[in-house]
Amino acid sequence: MIEQLLQRQRLLALVVVMMSLVGLAAYFNMARQEDPSFPHRAGLITVQYPGATAEAVERLVLRSLEEELLQVEEINHVTSNARSGFAIVRIMLLDKIYDTTAAWDRVRQAMARAELTFPEGVGQMVLDDRIIDTPVVVLALAGSSSITELSRTAELLKDQLLDLPYLSRIEIEGQADEQLTIAVDDAELHRIGLTPQQLAGLIAQRNQVVPGGFVVAGGKRLSMLANSEFVDIEDLRRTQIPLPDGSFVPLAAIADIWRGPLEPLQAEAWFDGERVVLLNLLAQRGQVDAIRFGEALRARLAELAPEFAPLTIHEMFFQPDKVGERLAELEGSLLLSALIIIVVVFLGMGLRMGVLVASVLPVVVLISLGLYNLGGGILHQIAVIAMVIALGILIDNAIVMVENVQTRISAGVQPEDAAVGAVRELAAPLGTASITTLAAFMPMLLSKGGTADFTRALPVMIMITLTVSYLLAISVAPLVSMRFLRLESVRRSQWVLTLGERLASLSTNQPRRVLLISGGMVLISFLMAPFMNLQFFPNADRPKVILDLHLPEGTDQAYTADVAAHLERFVRARPDVQRVHRFVGSSGPTFYYNLVRTPQAPNRARLVVDAVDLDATRTVIRDVRAHVRERMPEVTLAANQLGQGPPREAPVEVRIYHADDTQRIRAAEQVFAMLRRVPGAVDVRHDIDFGTPALRVDVDDAVAQRSGLSRADVARSLFGQSYGLTAEQYRQERDPMPMVLRSLEGTALPLARLLSVNIYPDQGDPVPLMQVARVHAAWETAGVARRNGVRIYTVVANLDDGFSFSQALDGLRVQLAEQPLPEGTRLEFGGDSEGSGDANRALASSAPIGVLLLLFFLLWQFNSYRRLGLILLTVPMAAVGIIPGLVLSGSPFGFMSVLGVVALVGIVVNNAIVLIDVVDQRLLAGDTAPDAVYFAVARRTRPILLTTATTIAGLLPLAFTQSTLWPPMAWAIISGLMASTVLTLLVVPALCLVLLRRDARVVAGQ
């Protein structure tokens, strides 16, 4: 091959230059995002059953729905919650599912089958299979005290933004939809002799869309538009209501009519203390440049701002800015890594060889980036980090090739012959070394699940880069070296040669002592494992605090808003807080990919706090927890920083199962109490159902029938008094507006007046409620939680700084051993424990393929099980550095550290491959085993140390970055590689000497 390249050097140069230009163009034009996107594996079903209790919803709706859903093979698990009048079902598809559209179609088919078994009165089910979508930008429309004005203007602003390039959809949140309230006094209705149902029917008859047809005049069709519906609110007020005595009165004479917010209240939002309406802008998936999207949006808003004045449009959350900041930071790390590597190469190889090797870096990076873009890759932080990791590895092939050519030229070989000889000698071992590195990344490439999807670009980019690096090392590098290297250009570092000779003497003269000491070091390093902190994924490095407030079930949203406002005032008074956003009735927009989207609920609120820096977030969380504990005992608080990795509710999650409801409650309370005593477990909370207060109305059927009433009549009358009856729709606005007929007080109806509420039969006079029913206080089930068709309670907890989920669970297990749960109780651990286990199992399931490739190519190269064993022994040697490195650096051992270990496997075996290859060459030349080992160590110490130094140098910017995601992986590779390199130069030669003395014919026979 090298001979053909010598004849076509111009063609090779053209290909390299053109591919580099493709990569350069890709860098300036490819899509940019901060994080990878996940497949749509999560879905949410909501179903309404007005008037049904939680237990009735469970019995009549959830059971049949779950039975159908659990037959869908693509579903991993189903969690459901039955509430009074509605049910919520969360669905998670299997990690292996990537064709989610087909899977959700099957889910809809299961829903349709279940719907056939529902009783009358169950509303239509709604499936949202896009709940993990994250808005790129959240705009806050402010500047008016009227929330209805803000809501109408938000719709207009939405219309003006719908044609933005790459926009998927816009969701409005925090708006106040409107209704026309027709409030009638109960006594007034009784006086004029009408029932609420009759009045609603009269209003509906006067508000119909009825075609008037057309007539032809002068050859033109003239439509006849009859005023069959209300054209404005005054028209409604003037509506004549016939009375039983034949007279008429305008509706305004017997009812108060006004236009106002829809009841009950919808979710509310505040931007830094000001009531706002939000517009969540979601971009299309795939090749969308978030930075350009943000620029186009800002340009459009600058044009529209004068039209919407005096209202103001704020950027509540603007992801494109974060994308730019993150990529700029990581690209700076990439450039710094390249600069450090170049300096190391110059120091280790001299100026001439250093220039040749350093010139390979930008070429490989550009070509790899171009290929990555052609394959549909997106430039996000995972892809950039992959390039940073690959920098130190990709240059290894060029170092070895250039040095080999230089050695041959210095030995008097002609440059062209030196290039040909170097390629013939190194093409196979470098190919094997590259393939073994690729094999180590194969499990990461083939694993499935949310964690694997998050890190998928890492193996893809590294494998592309290493492949390009190898191809250039056996083609471009020898040809360039042939042209520019000279006899006098060699610069040998004497101290490196001296070090190599001393290591060679040590390993050949005292092999057994070397092996004994090395084994002890490996043992000691494993004994340090308990001192490592375990953490699935670290928190994000954004100075934001998420405060989730949960009040008891049945709490009205207005009270929740007051509680949230009180806590906001406390937080806002702090000097280390810049801004506070408040959301009541919902968790607000999921502006970050790691946030869990929760359904609307009147007893929930969220505060998003912008702190001055990361240290301030910890102080804010600590002080808020103390304040809530002392001043707001009714609030269940969950205080978090933004996290990394797949979304989850809490890092610690314990699921409690028991067939008996009483025993399950007892077990859940016991786990809750235990977890609160565990050091490091904070914000411990549960979903145990203690019920909620209610007013039970027991109708006396005998008395009711004598009055011509039924239980349904009583229920309808009570509903009409509180929420009201929807008489018709007012259709003169952008969206239809319900016309609601109710009492003057509505849901604020005094309890003292409840007994005197009139119940209207179909025929006859109304009857006070007290005559046909007994009203008394009761306690009803607030909700029923289920998982995969089985009732369940869940206890969750956050973690204090410096604690891991494993420590919390270990502390819980100790208490469980001392105080066992009721017999028959079954526990499951979710949260980070489950996520970490799933991620590790996904890696383990695909690991055999990587191991098989690794073993295959090692045996292909060496054809010896002994040499295969020698090379694999370098892997546990890395533990000598990994565990102490993580402990001393304070980095937790989590999934990112596991990725570092996986990457390290492919790196460390290369040193052993290069070393053993030289030993074999010397044995074939006739050297004795000690001489062959001595020569190999003395000769290969310099390139091994140099390649190790470049890899470590490339990772140093990651190890010291402000990001919380990458230091654990960087320190795992750095410390493991340092230890493995030193031990490889000592242990592998010692083992070679021991094994080859026993069977010197292994190599001699080849």
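The structure contained in this document is the topic of the report that follows. What you are looking at is a predicted structure, and each value in this text was computed from that prediction instead of being measured. (Residues numbered from 1 in each chain as written. Predicted model: local features only at pLDDT ≥ 70, side-chain atom pairs only at ≥ 80, totals over all residues. Heavy atoms only, no water.)

This part is about the overall build of the protein. A tally of regular secondary structure across the protein gives 36 helices and 31 strands. Seen along its three principal axes, the alpha-carbon backbone of the protein occupies a region of about 125 × 85 × 55 Å. Within the protein, the proportion of its 1006 residues that are buried is 55%. Considering only contacts within the protein whose residues lie at least 6 apart along the sequence, 81% involve residues at least 24 apart. As presented, the protein carries roughly 43,500 Å² of accessible surface, and 57% of it is formed by carbon and sulfur atoms. Computed over 88 positive and 102 negative side-chain charges, the inter-centroid distance for the protein is 9 Å. (Helix = DSSP H or I, 4+ residues; strand = E, 2+ residues; numbered from the N terminus. Buried < 20%, exposed > 50% of the residue type's maximum accessible area, 1.4 Å probe, protein only. Contact = heavy atoms within 4.5 Å. Areas by Shrake-Rupley, 256 points an atom, 1.4 Å probe, with all protein chains shown as cover. Lys, Arg positive; Asp, Glu negative; His and termini not counted. Charge placed at Lys NZ, Arg CZ, Asp CG, Glu CD.)

Before going further, it helps to examine helix α2 (residues 9–29). With 21 residues, α2 should reach 30 Å at 1.5 Å per residue; the first-to-last C-alpha distance of 30 Å fits that figure. Taken together, the buried positions of α2 are occupied by L12, V16, S20, G23 and A26. Buried residues of α2, viewed axially, fall in a sector of 115°; they line one side. Of the residues in α2, the exposed ones pointing more than 90 degrees away from the buried face are R10, F28 and N29. (Expected span 1.5 Å × (residues − 1). Arc of directions from axis to C-beta.)

To continue, consider the packing of aromatic side chains. Taken as a whole and assessed by the stated rule, the structure comprises ten aromatic pairs. Considering the side-chain rings of F719 and Y723, the 5.6 Å spacing of their centres and the 65° angle between planes classify their relative orientation as edge-to-face. Among the aromatic residues, ring-to-ring pairing joins F38, F454, Y592 and Y593 into one connected group. Geometry around Y98 places R41 over its ring, the cationic atom sitting 4.7 Å from the centre. Positioned over the ring face of Y657 is R826, at 3.9 Å from the centre of the ring. (Phe/Tyr/Trp six-rings, centres within 6.5 Å; stacked < 30°, edge-to-face > 60°. Lys NZ or Arg CZ within 6 Å of the ring centre and 35° of its normal.)

Turning our eyes to something else, we now look at the environment of G43. Structurally, the position occupied by G43 is in strand β1 (residues 42–48). Distance from G43 to A102, taken between C-alpha atoms, is 13 Å for residues 59 residues apart in sequence. If we skip the residues at most four places from it in the chain, G43 touches V89, R90, I91, W104, D128, D129 and I131.

A few words on unusual backbone geometry. That bond from E263 to P264 is cis: its omega, -5°, falls within 30 degrees of zero. Here P264 shows up in the loop between β12 (255–261) and β13 (268–271). Cis geometry is adopted by the peptide bond preceding P310, which originates at A309 and carries an omega value of 10°. Phi is positive for D272, close to 50°, though the residue is something other than glycine. With respect to the secondary-structure elements, D272 resides in the loop between β13 and β14 (274–283). Judged by its relative accessible area of 30%, D272 falls in the partly exposed class. Its identity is not glycine, yet D683 carries a phi of approximately 50°, on the positive side. As for its position among the elements, D683 is in strand β21 (residues 681–686). Classification of D683 by relative accessible area gives buried; the value is 13%.

Here the focus is the sheet that holds strand β29 (residues 790–791). Here we have six strands laid out as an open sheet, ordered β4-β1-β3-β2-β28-β29, and antiparallel in their pairing. Strand pairing shows two members of the sheet lacking a second neighbour, β4 (126–128) and β29, which therefore form its edges. For strand β2 (residues 75–83) and strand β28 (residues 783–787), the ladder comprises five bridges, and the chain directions are antiparallel. Across the sheet, residue R83 finds its bridge partner in β28, namely G783. (Pairing = 2+ DSSP bridges.)

In terms of nonpolar packing, the biggest core is built from 180 residues, with I389, L458, L675 and M969 touching the most fellow members. No other element matches the 20 residues that helix α14 (residues 381–410) contributes to this core. Apart from the residues within four sequence positions on either side, L675 is in contact with V652, A681, V684, V795, A797, A808 and L812. By size, the runner-up hydrophobic cluster in this structure holds 30 residues, among which are A82, V89, L93 and L127. (Core = buried A, V, L, I, M, F, W, Y, C linked by side-chain atoms within 4.5 Å.)

Moving on, we come to the pairing of strand β7 (residues 178–184). For β7, the tally of buried residues reaches seven of seven residues, placing the bulk of the element in the interior. The alternating pattern of β7 places E178, L180, I182 and V184 on one face and Q179, T181 and A183 on the opposite face, and all of these are buried. Bridge count between β7 and β12: seven bridges; the pairing is antiparallel. Residue pairing in the sheet places Q179 in a bridge with G260 of β12. The pairing of β7 with strand β24 (residues 737–742) spans four bridges and is parallel.

On the surface, a cluster of nonpolar side chains totalling about 730 Å² of accessible area is made up of L11, L14, V15, V17, M18, L21, L24 and F28. In this fold, V17 is placed in helix α2. (Patch = residues over 30% accessible without salt bridge, like charges linked within 9 Å, V, L, I, M, F, W, Y side chains within 5 Å. Salt bridge = Lys/Arg side-chain N within 4 Å of Asp/Glu carboxyl O.)

Mapped onto the secondary structure, V249 falls in strand β11 (residues 248–250). For the pair formed by V249 and A473, sequence separation is 224 residues and the distance between their alpha carbons is 96 Å. In this view, V249 contacts T239, Q240, I241, L243 and I254; residues no more than four positions away in its chain are not counted.

A few words on the pairing of strand β5 (residues 137–142). For β5, the buried fraction is high: six of the six residues fall into the buried class. Going residue by residue along β5, you find V137, L139 and L141 tucked away on one face and V138, A140 and A142 tucked away on the opposite face as well. With five bridges connecting them, β5 and β14 associate as antiparallel partners. When the bridges of β14 are listed, V138 appears paired with N280. In terms of strand pairing, β5 meets strand β15 (residues 312–318) through six bridges, oriented antiparallel. Counterpart to V138 in the pairing with β15 is F317.

Take the packing of helix α15 (residues 415–446) against helix α29 (residues 831–862) next. Interaxial distance between α15 and α29 falls to 7 Å at its minimum, and their mutual angle equals 170°. Between α15 and α29, the angle is such that the two are roughly antiparallel. Contact with α15, carried on its side by A428, P429, T432, I435, T436, A439, M442, P443, M444 and L446, involves L843, S846, A847, I849, G850, L853, L854, F857, L858 and Q861 of α29 and no other residues of that element. Counted by class, the contact of α15 with α29 contains 15 nonpolar, five polar and no charged residues. (Axes fitted to C-alpha atoms, helices over the stretch in contact; angles between N-to-C directions. Parallel < 35°, antiparallel > 145°, perpendicular 65-115°, else oblique. Nonpolar A, V, L, I, M, F, W, Y, C, P; charged D, E, K, R; others polar.)

Per the counting criterion, the structure on display carries 60 salt bridges. A salt bridge links D548 to R606; its shortest N-O distance comes to 2.6 Å. Separated by 58 residues along the polypeptide, D548 in strand β16 (residues 544–550) and R606 in strand β18 (residues 604–611) bring together distant segments of the chain. Taking relative accessible area as the criterion, D548 reaches 14% and is therefore assigned buried. Among the ionic contacts, a cluster of salt bridges with common partners joins E58, E66, D661, R664, R786 and R791.

This part is about the sheet that holds strand β30 (residues 793–799). Think of a sheet as strands paired side by side through backbone hydrogen bonds, with each pair either parallel or antiparallel. If you trace the four strands from one edge of the open sheet to the other, you get β21-β30-β20-β31, paired in antiparallel fashion. Where the open sheet ends on each side, the last strands, each with one partner, are β21 and β31 (826–830). Pairwise comparison of adjacent strand axes, ignoring direction, gives a mean angle of 20° for this sheet. By the bridge criterion, four bridges tie β21 to β30 in an arrangement that is antiparallel. By the bridge assignment, R685 is partnered in β30 with V796.

Next up on the list: the packing of helix α20 (residues 511–527) against helix α32 (residues 879–889). Two numbers describe a pair of packed helices, the interaxial angle and the distance between the axes. The N-to-C vectors of α20 and α32 enclose an angle of 30°; their axes lie 8 Å apart at closest approach. One finds that α20 runs roughly parallel with respect to α32. Regarding α20 and α32, the two cross each other, and that crossing is left-handed. Packed against α20, whose contacting residues are M521, V522, S525 and F526, the element α32 presents A879, V880, I883 and P884 at the interface. A breakdown of the residues in the contact of α20 with α32 according to their chemical character gives seven nonpolar, one polar and no charged. (Left-handed = near helix turned anticlockwise from the far one by under 90°.)

Count 3.6 residues to each turn of an α-helix, and residues three or four apart come out pointing the same way. Spanning 15 residues, helix α5 (residues 147–161) covers 21 Å between terminal C-alpha atoms, matching the ideal 21 Å at 1.5 Å per step. Listed as buried for α5 are I147, T148, L150, S151, T153, A154, E155, L157 and L161. Turning to α5, the residues buried within the fold contact β5, β6 (167–173), β7, β14, α10 (290–308) and β15.

Without other data, these values stay purely geometric and don't point to any function.
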